[in-house]
Amino acid sequence: MEMKMKDSEALVVFSGGQDSTTCLFWALKEFKKVSAICFLYGQKHSKETEMAKAIAEEAGVDFHLQDVSFISQIGTSSLTDSSIKMDQEKPEDSVPNTFVPGRNLFFLSIAAVYARERGIKHLVTGVSQTDFSGYPDCRDSFIKALNVTLNLAMEDQFVIHTPLMWIDKAETWELADKLGVFDLVRYRTLTCYNGIPGEGCGHCPSCRLRSEGLRIYLERKNK
Ligand code: ZN
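Here's what I pulled together on the structure shown here. Computed from a prediction, not measured in an experiment: that's the story for all the values here.

### Side note on the overall build of the chain
1) Next: What the chain contains, in helices and strands, is nine helices and five strands.
2) Next: Sequence-ordered secondary structure for the chain, helices as α and strands as β, is α-β-α-β-α-β-α-α-β-α-β-α-α-α.
3) Next: Put simply, the chain has 223 residues, and 50% of those count as buried.
4) Next: At a minimum sequence separation of 6, the contacts of the chain that also span at least 24 residues come to 71%.

Given below as structure tokens:
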């Protein structure tokens, strides 16, 4: 597997956020060639895709921006509809309203078609079951099921890689640090639901998860 990966090309589902940026640099270490596909799905903040493009350029990877804004026309989410107020707290028994229904299903399916056209077998996504925030399509069972489905659907042999699946946010910071991109991830990625780059707004659910992870990692590192 190791040898095979080193000789292959990977396509990273890339948003310019902390997780997918860490995955982009992970892929650069693991694969011979890396491309990035970034989706425009009606996010309220288009700054996100501009920042993603800048990071991809700096990393020297091909960047493809794909419009999938139909997602926001058929489903509802506070990330794409400004009339919906974002969850401040994660509800106990339901998915948060920042959940974009079908997002990872569409993203990975479209990425697989794009990859197939270019002979790419390896797909990389930054989903994590550990910090899955109540998003069902970030779970390992979904990814494994989809991998089988994609292979059956296109009679192909894709491998979906999920380097962050079993690590938490603090460990994701640690991985970025090991990959030599700690500052790049810290100051130049955009994860904030309010569209503020780097350290973010500090109070949306995404910023809180990110900054808590950073705090834990720095505390561990400085011990
Ligand atoms: Zn924020």
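### Considering the coordination of the zinc ion
1) Next: At 2.3 to 2.4 Å from the zinc ion lie its protein donor atoms, namely Cys192 (SG), Cys201 (SG), Cys204 (SG) and Cys207 (SG).
2) Next: For the zinc ion, the four donor atoms are set out with angles of 104 to 117 degrees between them, so the coordination reads as tetrahedral.
3) Next: Each donor residue of the zinc ion lies on the same chain, and together they follow the pattern C-x8-C-x2-C-x2-C. With a gap of 15 residues between them, Cys192 in the loop between helix 8 (182-188) and helix 9 (205-221) and Cys207 in helix 9 connect regions that are remote in the sequence.

### As for the pattern of salt bridges
1) Next: Across all of its chains, the model carries 14 salt bridges by this definition.
2) Next: Note that Asp140 and Lys144 form a salt bridge whose closest N and O atoms lie 2.5 Å from each other. Pair noted here: Asp140 and Lys144 are both in helix 6 (residues 140-154), with a separation of four residues, about one helical turn.
3) Next: Connected through shared salt-bridge partners, Glu9, Lys33 and Asp62 make up one network.

### Some points on the sheet that holds strand 5 (residues 159-161)
1) Next: Read from one edge to the other, the open sheet built from five strands follows the order 3-2-1-4-5, with strand pairing classed as parallel. Strands with a single pairing partner mark the edges of an open sheet, and in this sheet they are strand 3 (62-67) and strand 5. Ignoring strand direction, the axes of neighbouring strands in this sheet form an average angle of 25 degrees.
2) Next: In this fold helix 2 (residues 18-30) packs onto strand 1 (9-13), strand 2 (33-40), strand 4 (122-124) and strand 5, with an angle of close to 175 degrees to the strand it touches most, strand 1.
3) Next: Contacts between helix 5 (residues 103-117) and the sheet are confined to strand 1, strand 2, strand 3, strand 4 and strand 5, with strand 1 contributing the most and set at about 150 degrees to the helix.

### With respect to the packing of helix 2 against helix 7 (residues 169-178)
1) Next: Direction vectors running N to C along helix 2 and helix 7 enclose 40 degrees, while the axes themselves pass 10 Å from each other. Remark: the crossing between helix 2 and helix 7 carries left-handed chirality. Taking contact as the criterion, the partners of Gln18, Asp19 and Thr22 in helix 2 are, on helix 7, Lys169, Thr172, Trp173, Leu175 and Ala176.
2) Next: Looking at the contact of helix 2 with helix 7, its residues break down into three nonpolar, three polar and two charged.

### Considerations on the side chain of Arg210
1) Next: Along the polypeptide, Arg210 turns up in helix 9.
2) Next: Buried charged residue Arg210 carries no salt bridge. Nearest counter-charge: Glu199, at 5.2 Å.
3) Next: Side chain to side chain, Arg210 and Thr191 meet in a polar contact 2.7 Å long.
4) Next: At 3.0 Å, the side chain of Arg210 forms a polar contact with the backbone oxygen of Gly198.
5) Next: Contacts of Arg210, omitting those with residues within four sequence positions, involve Gln18, Lys169, Trp173, Val185, Arg186, Thr189, Thr191 and Gly198.

### Some remarks on the nonpolar core
1) Next: Counting 32 residues, the largest nonpolar core has Val12, Phe14, Leu24, Phe25, Phe31 and Val124 as the members making the most contacts within it.
2) Next: Contributions of two or more residues to this core are made by strand 1, helix 2, strand 2, helix 3 (47-59), helix 7, helix 8 and helix 9.
3) Next: Ranked by the residues each element gives to this core, the list is headed by helix 2, at five residues.
4) Next: Once you skip the residues sitting within four places of it in the chain, Val124 turns out to touch Ala10, Leu11, Val12, Val13, Cys23, Trp26, Ala27, Phe31, His161 and Pro163.
5) Next: Core analysis: the next-biggest nonpolar cluster, separate from the first, contains 31 residues, Val13, Phe107, Ala112 and Leu146 among them.

### Points about the side chain of Arg186
1) Next: Note on placement: Arg186 falls in helix 8.
2) Next: Here Arg186 is in contact with Trp173, Gly198, Glu199, Arg210, Leu214 and Leu218, once residues within four sequence places are set aside.

How each quantity is defined
Residues numbered from 1 in each chain as written. Predicted model: local features only at pLDDT ≥ 70, side-chain atom pairs only at ≥ 80, totals over all residues. Heavy atoms only, no water. Helix = DSSP H or I, 4+ residues; strand = E, 2+ residues; numbered from the N terminus. Buried < 20%, exposed > 50% of the residue type's maximum accessible area, 1.4 Å probe, protein only. Contact = heavy atoms within 4.5 Å. Donors = N, O, S within 2.8 Å, 3.2 Å for Na, K, Ca; no water. Tetrahedral: all angles 85-135°; square planar, octahedral: opposite > 155°, others 65-115°. Salt bridge = Lys/Arg side-chain N within 4 Å of Asp/Glu carboxyl O. Pairing = 2+ DSSP bridges. Axes fitted to C-alpha atoms, helices over the stretch in contact; angles between N-to-C directions. Left-handed = near helix turned anticlockwise from the far one by under 90°. Nonpolar A, V, L, I, M, F, W, Y, C, P; charged D, E, K, R; others polar. Lys, Arg positive; Asp, Glu negative; His and termini not counted. Polar contact = N/O pair within 3.5 Å; in protein donor to acceptor, adjacent residues only side chain to side chain. Core = buried A, V, L, I, M, F, W, Y, C linked by side-chain atoms within 4.5 Å.

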